[in-house]
Amino acid sequence: MNMSLELRGLHAGYPARRGHRERRVLDGLDAEAPAGELTVLIGPNGTGKSTLLRTMAGLQPALGGQVLVGGVGVGTLPAAHLARSLAVVLTERDLPPLLSARELAGLGRHPHTGFTGRLSPGDHEIVTWALAAVNAGHLADRAVTELSDGERQRVLVARALAQEPAAILLDEPTAFLDVTSRVALMGLLRSLAREKNLVIVVSTHDLELALRVADRMWLIDPAGRLHTGTPEELTLREVIGASFDGGELAFDAASGMFVLRNGTGGTVRVLAEGLHVPLLERALAREGWRTAGDGPAELAVEWTGDGYEAAYDGTVHRFATLPDLATWIRTARSRLTAAPPGLLPAAPSTVSSAVADISTISGYFELGIGPIDTEAGWRPLADLLADPEPLRQRITDVAGRLGTCELRVAASILFQGLAARLWSPVIGAAVAHDLLLDLNPARVHWRAAPSGPLPLRAERPTGSQILDPARIAGPLHDNVLTELLEPLAQAVQEIVKIAPGLLWGNAASALAGTVRTIARQRPELTARAIALGRELLTIGALQGSGDLVEPAPGQPFFVRRSCCLYYRLPEGGKCGDCALIDPDTRREQWALTLRQTGGPA
Ligand SMILES: Nc1ncnc2c1ncn2[C@@H]1O[C@H](COP(=O)(O)OP(=O)(O)OP(=O)(O)O)[C@@H](O)[C@H]1O
C-alpha cells in the first residue's frame, strides 16, 4: 500500500474554554500528502499553519473531520502507536542541557523501547543511521546546547527519523537558519522523502525556496482556504500572488520571486543567456520592472555580449554596464512611464509568426530564422555597411551581370535593390501585423547569392508591437533609413562618385515598389501601405524625392524627381517611375499596366 497522509473535511482550531468561544481557524480541509514527496505548507502569518500541523500530529484535537495516516485516523490511535506512524519536529530552541546529539536522537526510539526505555543495540544502530542520514554523525557526542541552529535542526530531524515513522511533520524548521543551511535542510528533507518513501510535510515562510524544492505545496490563503498542487500549478492559478502580495512587494510569477512594487515600473522582457537572465531580472525588479512572460512588454532589455540594449517605444538605448542601464532606467523612469508607449517589445513567438507570414509575400519580404552559420557565409548586415570590400564586390558583380562598365550605374541599381530588400520585411510586418520589425544590423545577417533578393537571416528576430499606427512612420524611418540606408548610401559614395539625391530617389522608389507589391499580393493592406509609404516620403532624406500617386483606387504608382540611371544600361530603358518620362507618356504607361494587372483603366 502506498502511504499517504490525508485530510478529510478537517476543521482545525481551538475548542471553547471557560469565557472563550470555540475558535475555528481552518474549516473543511481536504488534501493529500503522498509518501515519497516533499509537501511544503505555506501561508501568510496567522493563517493557521502551526494549528494545522499540531492538529495533524494529534497534539491538539480536530474540531471536526479527520486526519488519516495510511488510512488510519490519527485521533483513534493510542499515543504509542501514533508515535510510530508520525513524528513531529517543532521549533525547539530550549533543549535539555547536557544532552548529547546522540541522546537527543535516541529519544526518537522511545515509542519502540519497552517499559524500561533502555535502547537495545538495534536501537543504537538506528540512531547512528538516523544521525548519518542527516549528515550529523560527527556531531553525535556534542552537547545539543552547543550546536549551531542548523546542526540542531538536523539532529531534531534525526530524532524524528529514529522514530521510524511513516510521516514527519515539521513546523518552520528553517526559521533560524542562514540561507545555505535552509537550502541544505530542505534538500535533505526532499531526499529523505524520496529515498525512504516518507510523507514529509514542512511549513516555512520561505516561499521562494518552497517554490524551488516542493514537490507539492499546500497554501493557506488569508481567507483560510487550502490550495494544493505543484508550485507551477499554484503559480498558474495565481493564488500565490493573491495570498502574499501586499504593500511594497508583489509576487513575480515568471521568476518565482518577490519584486519591489515601486509603483511606476512596467513590464520588461529580458533577452539574455545564462546568469545574465536572473541578474538582469533582479536589477530591473529593484527598479520596479516586472518580467513579462510571453505577453507584451513595455521595455525590452538585452544582454548583447558586450553591453546592454534597452528598447523602449521603438528607440534603442545602449549601455556598457548594468549600473549604467539601472541609472538610465531610474532617471528616465518618469519619462518612460509618463505615457504608455506607442510600441511594446513583442513576444518572440509574435515576431516569428509575423516573419513567417510576410515571408510568403515575395522573396524581398523574406527573413530566415535560425542559427547563424558563419561557415556558410552569413555575415552581419553591419559588415555590408562598414566594410567597403563586400559592397565593392557586389557592385562589380551587378555591373558584370548587367553588362555595363559604368560602376555608377551598377551602384545605383544595387542600392535600389538593397533598399527594396530592407524596406520590404519592415513595411510588410508593420502593415500586416502591427509589428515594427527590428532589422538590427548587428544581428541580421546576409550572404552573397548569385541572383535574386539578398538572403537575410536572424537567429532571434526582435520587434515591437505597434499600439498606435499613427506613430509608426518615425521609428520605422529610424530603423530602415537612419540605421541601414544612410550608412549604406555613404558606403556606396565612398566607392563610386554618385549624387546623394539619386540614391534617395532610389530609396523612395524602392519604398514605392514595396507598397506596390503589397497592393498586388495583399490587396486588403493596400490603403495602410499607401498611407505609410506617403508618410515616410515626407521624412528626412526622402523628402522631395517623389510622390506616391493612385491613378486608380488601390493602384499606387511612383513619380520620381531624380533619375536612377537605369536608361544607361545597354538593355535599359526608362524605368516605370522615371523622372525623364513626360506626364502624358506616364499616364499611358499606367493605363497599360493597370489593364495588364486587371485594374480599372
Ligand atoms: N492557543 C490558542 N488559542 C486560540 N487561538 C489561537 C491559539 N494559538 C493560535 N491561535 C490563533 O490561531 C490562528 C492561527 O495561528 P497559527 O499560529 O496556527 O498561524 P500560523 O500560520 O502558524 O502563523 P505564523 O505564520 O505567524 O507562525 C491565529 O489567529 C492565532 O491567533
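Here the structure is a predicted model, which is why all the values come from computation and not from measurement.

**Considerations on the sheet that holds strand β5 (residues 72-73)**
Strand pairing in a sheet relies on backbone hydrogen bonds, with the paired strands running either antiparallel or parallel. Ordered by their spatial adjacency, four strands build an open sheet running β2-β1-β4-β5, and the pairing between neighbours is antiparallel. Strands at the two margins of the open sheet, each flanked by one partner only, are β2 (23-34) and β5. Two strands pair when backbone bridges link them, and strand β4 (residues 64-69) and β5 are joined in this way by two bridges, in the antiparallel orientation. Within β5, the residue paired with Val69 across the bridge is Val72. Strand contacts of helix α1 (residues 49-56): β1 (4-14), β2 and β4, with the helix running at about 120 degrees to β1, the strand carrying the most contacts.

**A short note on the sheet that holds strand β10 (residues 226-229)**
The mixed open sheet is built from six strands, whose spatial order is β6-β7-β8-β3-β9-β10. Lying at the two open borders of the sheet, with one neighbouring strand each, are β6 (86-89) and β10. Neighbouring strand axes in the sheet, compared pairwise and without regard to direction, differ in orientation by 15 degrees on average. Where strand β3 (residues 38-42) meets strand β8 (residues 199-203), four bridges bridge the pair, whose relative direction is parallel. By the bridge assignment, Thr39 is partnered in β8 with Val201.

**Considering the site of the ligand**
As a matter of local geometry, the ligand sits amid 13 residues, with Arg23, Asn45, Gly46, Lys49 and Thr51 nearest to it. Here Asn45 contributes a side-chain N or O atom positioned 2.8 Å from an oxygen atom of the ligand. For the ligand, whose free accessible area comes to 630 Å², the fraction covered by protein is 65%. Among the elements of the structure, β2 and α1 are those that each provide at least two residues to the shell around the ligand. Per element, the largest residue contribution to the shell around the ligand is three residues, and it comes from α1.

**Observations regarding helix α12 (residues 348-358)**
Looking only at α12, the buried set comprises Val351, Ala354, Val355 and Ile358. One side of α12 carries all its buried residues, which in axial view fall inside an arc of 100 degrees. Of the surrounding secondary structure, the elements contacted by the buried residues of α12 are β19 (368-369), α15 (407-433), β21 (435-438) and β24 (462-466).

**What to know about the domain arrangement of the protein**
If you check the domain split of the protein, you get domain 1 (4-244), domain 2 (252-345) and domain 3 (356-596). Of note, the centres of domain 1 and domain 2, computed from C-alpha atoms alone, are 41 Å apart. Buried surface at the junction of domain 1 and domain 2, both sides included, amounts to about 380 Å², of which 72% is carbon and sulfur. Applying the counting rule to domain 1 against domain 2 returns zero salt bridges. At the boundary of domain 1 and domain 2, one finds zero residue pairs in polar contact (both at pLDDT 80 or more). For the side of domain 1 that touches domain 2, the element with the most residues is helix α7 (residues 207-213), which contributes three residues. Looking at the side of domain 1 that touches domain 2 residue by residue, the classes come out as three nonpolar, one polar and one charged.

**Some thoughts on the layout of surface pockets**
By volume, the second largest pocket amounts to about 510 Å³. What lines the second largest pocket is a set of 33 residues, among which Ala311, Val316, Asp438, Thr462 and Gly463 lie closest to the centre. Looking at the lining of the second largest pocket, the elements that each hand over two or more residues are β13 (267-271), β15 (299-303), β16 (308-312), β17 (315-319), α12, β21, β24 and α16 (473-495). Looking at the lining of the second largest pocket element by element, the count peaks at four residues for α16. Considering only residue class, the lining of the second largest pocket consists of 16 nonpolar, seven polar and ten charged.

**Notes on empty space enclosed by the protein**
Under the criterion given, the structure shown has two cavities of 30 Å³ or more. Taken as a whole, the largest cavity encloses approximately 60 Å³ of empty space. Taken together, Leu381, Leu384, Leu385, Leu418, Leu422, Leu454, Leu484 and Leu488 make up the lining of the largest cavity. Broken down by secondary-structure element, the contributors of at least two residues to the lining of the largest cavity are α13 (381-386), α15 and α16. With three residues, the top contributor of residues to the lining of the largest cavity is α13. Class assignment of the residues belonging to the lining of the largest cavity gives a composition of eight nonpolar, no polar and no charged.

**Looking at the packing of aromatic side chains**
Evaluated as defined, the whole model comprises three aromatic pairs. Between the aromatic rings of Trp303 and Tyr308, the centroid separation amounts to 5.0 Å while the plane-to-plane angle is 55 degrees, which identifies the pairing as tilted. With centroids separated by 5.2 Å and ring planes inclined at 40 degrees, the aromatic side chains of Phe319 and Trp328 adopt a geometry described as tilted. Positioned over the ring face of Phe557 is Arg516, at 4.3 Å from the centre of the ring.

**Describing the packing of α15 against helix α18 (residues 526-536)**
The interhelical angle for the contact between α15 and α18, taken along N-to-C directions, is 125 degrees, at an axis separation of 10 Å. In terms of their interaxial angle, α15 and α18 are classed as oblique. Between α15 and α18 lies a crossing of right-handed hand. From α15, Trp423, Ile427, Ala430 and Val431 reach across to α18, where they touch Arg528, Ala529, Leu532 and Leu536. Among the residues making up the contact of α15 with α18, the classes are represented as seven nonpolar, no polar and one charged.

Parameters and conventions
Residues numbered from 1 in each chain as written. Predicted model: local features only at pLDDT ≥ 70, side-chain atom pairs only at ≥ 80, totals over all residues. Heavy atoms only, no water. Pairing = 2+ DSSP bridges. Helix = DSSP H or I, 4+ residues; strand = E, 2+ residues; numbered from the N terminus. Contact = heavy atoms within 4.5 Å. Axes fitted to C-alpha atoms, helices over the stretch in contact; angles between N-to-C directions. Near = heavy atom within 4 Å. Polar contact = N/O pair within 3.5 Å; in protein donor to acceptor, adjacent residues only side chain to side chain. Areas by Shrake-Rupley, 256 points an atom, 1.4 Å probe, with all protein chains shown as cover. Buried < 20%, exposed > 50% of the residue type's maximum accessible area, 1.4 Å probe, protein only. Arc of directions from axis to C-beta. Domains from an automatic or database assignment. Buried area = accessible area lost by both parts, 1.4 Å probe. Salt bridge = Lys/Arg side-chain N within 4 Å of Asp/Glu carboxyl O. Nonpolar A, V, L, I, M, F, W, Y, C, P; charged D, E, K, R; others polar. 1 Å grid on protein atoms, 1.4 Å probe; cavity = no way out; pocket = protein on both sides within 12 Å on 5 of 7 lines; lining within 4 Å. Points joined across faces, edges and corners; volume = space filled by probe spheres on them. Phe/Tyr/Trp six-rings, centres within 6.5 Å; stacked < 30°, edge-to-face > 60°. Lys NZ or Arg CZ within 6 Å of the ring centre and 35° of its normal. Parallel < 35°, antiparallel > 145°, perpendicular 65-115°, else oblique. Left-handed = near helix turned anticlockwise from the far one by under 90°.

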